[in-house]
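In case you want the letters, here they are:
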Amino acid sequence: MEEIAVSKPYLNLDLKIDFTDKEITPWSGIILMKKMLDRMDFEAALDQLPLPAPGSNRGYSPHQLIQQFMTSIWCGANKFEHCEVTRHDAVMKQCWGFKQMAGSKAIQRFFNKHTLATNQQIFTPLYQWFFGNLQYDNYTLDVDSTILTRYGGQQGSKKGYNPLKPGRNSHHPLIAFIEETKMVANFWLRSGDSYTSNNFQGFLADTIEKLNGKKIGLFRADSGFYGKEVFEYLEQSPQVGNYIIAARQYKPIQQKLAAQHLWVKVTAGIEVAESTYQSPLWDQPRRLVMVRQQVSERPCATGKTLKLFEDEGIYKNYRYSCFVTDLTLPALQVWNLYRQRANCENRIKELKYDFGADSFNLKNFDATEAALNWVMMAYNFISLFRQVVLNTQVEQRLKTLRYKVFAIGGYMVKNGSQKILKLSLAMKRREWFTGLWNCNKTFDLTKT
């Protein structure tokens, strides 16, 4: 009879617990962010902003509340209650030079002091300061909207287009991204019943102002921005070079696609074509770039079937996409340029999942917009950190950086009047962290 081997149970360790009075932080790596902000003279930039003052002499400094809010996000906070993650961190308090750490309620009270006017007075010069530090021009601007589902009675929270939570109240903000720097250029909170392109002209003009008049080399947007007013505004703006906007597949566009017989094959299952199209509402024709992908060859292809012709001939075998553009590049290059806009969708996901953009909300509309603009700045500082301190080609998300770079145990000691942050790092990682520390002293924003 075959013997059956039985594994021995693990021996119970005679483990006890005890406590220490030593002040220890699990987030020592955040000191790298602090050093980067110091090199940028972030405190001086805050001094220039009309930030709401505390209600009493015992109130927290607006500078502290902003920096503590962003630090909490970098440490994992996804809602205001999570800002308590830094409240009892005595080492973090010393690193930032705060006398006492604020609670989440103090941060919320600070945002509740904001109005529409103060938001404009604060965030226009703030974005100008931030992007004024970066040496770039002729950039690619992607504008998109997103849905922020709400579960309470927040101002501006209304029923609108909400595919994930139909019938649920939401906000419907506009966000502008700069592709080259991987940063947020502008953010406007809007009520949930706003149409995608509502007040687009005002938003783009505000974005250009916040970017210090830098020129938009290429503007990209999805079909929510397809319309005569948008095209004309882009064509007349001296700050906009070219544009690519996905076309809405209204009946005339579907008929145009169906009538196209000359297609150029570019690879297996993909063909492109081009034509001109003038809507009855337009004053002039515009270039139309068309793409069709064969479903049998590319079952995951983007695009839409032509519903007007879905039961006819070969049309049901393809998914179609088309774009209005003033570029003169070959059709395939236009499509490839537009496809890079997918990065915009990824950034929105990161803002929601890693930075809490869909869960930092207050009852007051202007307060929520203020909080979310600081979320955008927290995102921009992380993007800058990736480029000038980490200096890596891999765009690691915040949730990766949080546990790879920021989550390092440490404690503070004194050597005379000198404070020293002792880091708990394995020997082979110490050289790596020292390299980041030294890079933080020497990075050059003029190369960004």
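In this report, the structure presented in the accompanying data block is examined. (Residues numbered from 1 in each chain as written. Predicted model: local features only at pLDDT ≥ 70, side-chain atom pairs only at ≥ 80, totals over all residues. Heavy atoms only, no water.)

1. Regarding the overall build of the chain
(1) Moving on: Of the regular secondary structure elements, the chain holds 14 helices and 15 strands.
(2) Moving on: For the chain, the spread of C-alpha atoms along the principal axes amounts to about 85 × 80 × 45 Å.
(3) Moving on: Relative to its 448 residues, the chain shows a buried fraction of 51%.
(4) Moving on: Look at the contacts in the chain between residues 6 or more apart in sequence, and 70% of them connect residues 24 or more apart.
(5) Moving on: Total accessible area computed for the chain in this model is approximately 22700 Å², and 50% of it derives from carbon and sulfur atoms.
(6) Moving on: In the chain, 57 side chains carry a positive charge and 42 a negative one; their mean positions are 3 Å apart. (Helix = DSSP H or I, 4+ residues; strand = E, 2+ residues; numbered from the N terminus. Buried < 20%, exposed > 50% of the residue type's maximum accessible area, 1.4 Å probe, protein only. Contact = heavy atoms within 4.5 Å. Areas by Shrake-Rupley, 256 points an atom, 1.4 Å probe, with all protein chains shown as cover. Lys, Arg positive; Asp, Glu negative; His and termini not counted. Charge placed at Lys NZ, Arg CZ, Asp CG, Glu CD.)

2. Describing the side chain of Gln 64
(1) Moving on: Relative to the helices and strands, Gln 64 is located in helix α3 (residues 62-74).
(2) Moving on: Taking relative accessible area as the criterion, Gln 64 reaches 8% and is therefore assigned buried.
(3) Moving on: Residues contacting Gln 64, with those up to four places away along its chain left out, are Phe 98, Gln 100, Met 101 and Ala 102.

3. Some remarks on the environment of Gln 48
(1) Moving on: Position of Gln 48 among the secondary structure elements: in the loop between α2 (42-47) and α3.
(2) Moving on: A sequence separation of 77 residues divides Gln 48 from Pro 125, and the C-alpha atoms of the two residues are 8.5 Å apart.

4. Re the layout of surface pockets
(1) Moving on: In this structure, the second largest pocket spans a volume of roughly 270 Å³.
(2) Moving on: In terms of lining, the second largest pocket is formed by 13 residues, of which the most central are Ile 31, Lys 35, Lys 419, Leu 421 and Trp 437.
(3) Moving on: Counting residues per element, the ones that place at least two in the lining of the second largest pocket are α1 (31-39), α4 (90-96), β15 (418-423) and α14 (427-442).
(4) Moving on: Across the lining of the second largest pocket, the residue classes tally to eight nonpolar, one polar and four charged. (1 Å grid on protein atoms, 1.4 Å probe; cavity = no way out; pocket = protein on both sides within 12 Å on 5 of 7 lines; lining within 4 Å. Points joined across faces, edges and corners; volume = space filled by probe spheres on them. Nonpolar A, V, L, I, M, F, W, Y, C, P; charged D, E, K, R; others polar.)

5. Side note on the sheet that holds strand β5 (residues 169-171)
(1) Moving on: Pairing is antiparallel in the open sheet, where three strands are placed in the order β3-β5-β4. Strands with a single pairing partner mark the edges of an open sheet, and in this sheet they are β3 (148-149) and β4 (158-159). (Pairing = 2+ DSSP bridges.)

6. Considering the pairing of strand β7 (residues 183-188)
(1) Moving on: Of all six residues in β7, six are buried; the element is thus mostly enclosed.
(2) Moving on: Here strand β6 (residues 174-178) pairs with β7 via five bridges, running antiparallel. Residue pairing for β7: Leu 174 is matched across the bridge by Trp 188.
(3) Moving on: Between β6 and β7, which pair antiparallel and follow one another directly, the connecting turn spans four residues, one of which, Lys 182, has a positive phi of 60°.

7. Topic: the packing of aromatic side chains
(1) Moving on: Taken as a whole and judged by the stated rule, the model has 33 aromatic pairs.
(2) Moving on: The interplanar angle of 90° and the centroid separation of 5.2 Å between the aromatic rings of Phe 130 and Phe 131 together place this pair among those described as edge-to-face. Here the two residues Phe 130 and Phe 131 agree in accessibility, since each one is buried.
(3) Moving on: An aromatic cluster of three or more residues is present, and its members are Phe 42, Tyr 127, Trp 129, Phe 130, Phe 131, Tyr 136, Tyr 139 and Phe 381.
(4) Moving on: Directly above the aromatic system of Tyr 411 lies the positively charged group of Lys 22, at a separation of 4.3 Å from the ring centroid.
(5) Moving on: Above the ring of Trp 335, the side-chain terminus of Arg 339 is found at 4.5 Å from the ring centroid. (Phe/Tyr/Trp six-rings, centres within 6.5 Å; stacked < 30°, edge-to-face > 60°. Lys NZ or Arg CZ within 6 Å of the ring centre and 35° of its normal.)

8. Topic: unusual backbone geometry
Comment: phi is negative for the bulk of residues other than glycine, and the bulk of peptide bonds are trans.
(1) Moving on: Even without being a glycine, Asp 41 presents a positive backbone phi close to 60°.
(2) Moving on: Considering the arrangement of structural elements, one finds Asp 41 in the loop between α1 and α2.

9. Concerning the nonpolar core
(1) Moving on: Among the nonpolar cores identified, the biggest contains 125 residues, and Met 36, Trp 74, Phe 111, Phe 219, Trp 374 and Phe 381 are the most heavily contacted of them.
(2) Moving on: Examining the composition of this core, we find that 18 residues originate from one element, helix α12 (residues 365-390), more than from any other.
(3) Moving on: For Trp 74, the contacting residues outside a window of four places in its chain are Ile 30, Met 33, Leu 37, Phe 355, Ala 378, Phe 381, Ile 382, Leu 398, Arg 402 and Phe 406.
(4) Moving on: Leu 218, Ala 246, Ala 331 and Trp 335 belong to the second largest nonpolar core, which has 13 residues in total. (Core = buried A, V, L, I, M, F, W, Y, C linked by side-chain atoms within 4.5 Å.)

10. Looking at the sheet that holds β15
Picture the strands of a sheet paired through backbone hydrogen bonds; they go either parallel or antiparallel.
(1) Moving on: With antiparallel pairing, three strands are arranged side by side in an open sheet as β1-β14-β15. The open sheet is flanked by β1 (24-25) and β15, the only strands paired with a single partner.
(2) Moving on: The sheet contact formed by β1 and strand β14 (residues 410-415) spans two bridges and is antiparallel. Across the sheet, residue Thr 25 finds its bridge partner in β14, namely Gly 410.

11. Description of helix α6 (residues 116-132)
(1) Moving on: For α6, which comprises 17 residues, the first-to-last C-alpha distance of 24 Å matches the rise-based estimate of 24 Å (1.5 Å per residue) to within 8%.
(2) Moving on: Among all positions in α6, only Thr 118, Asn 119, Ile 122, Phe 123, Thr 124, Leu 126, Tyr 127, Phe 130 and Phe 131 are buried.
(3) Moving on: If you follow the buried residues of α6, they end up packed against α2, β6, β7, α7 (200-210) and α12. (Expected span 1.5 Å × (residues − 1).)

12. Examining the packing of α6 against α7
(1) Moving on: Their axes nearest at 8 Å, the elements α6 and α7 cross at an angle of 50°. Considering their axes alone, α6 and α7 lie oblique with respect to each other. Of the residues in α7, those touching α6 at Gln 120, Phe 123, Thr 124, Tyr 127, Gln 128 and Phe 131 are Asp 206, Glu 209 and Lys 210.
(2) Moving on: Partitioning the contact of α6 with α7 into residue classes produces three nonpolar, three polar and three charged. (Axes fitted to C-alpha atoms, helices over the stretch in contact; angles between N-to-C directions. Parallel < 35°, antiparallel > 145°, perpendicular 65-115°, else oblique.)

13. Structural notes on the environment of Thr 71
(1) Moving on: Turning to its location among the elements, Thr 71 is positioned in helix α3.
(2) Moving on: With relative accessibility at 2%, the residue Thr 71 sits in the buried group.
(3) Moving on: A sequence separation of 263 residues divides Thr 71 from Val 334, and the C-alpha atoms of the two residues are 40 Å apart.
(4) Moving on: Setting aside its immediate chain neighbours within four residues, Thr 71 contacts Ile 30, Thr 86, Met 92 and Trp 96.

Functional significance is not addressed by these values, which are geometric in nature.
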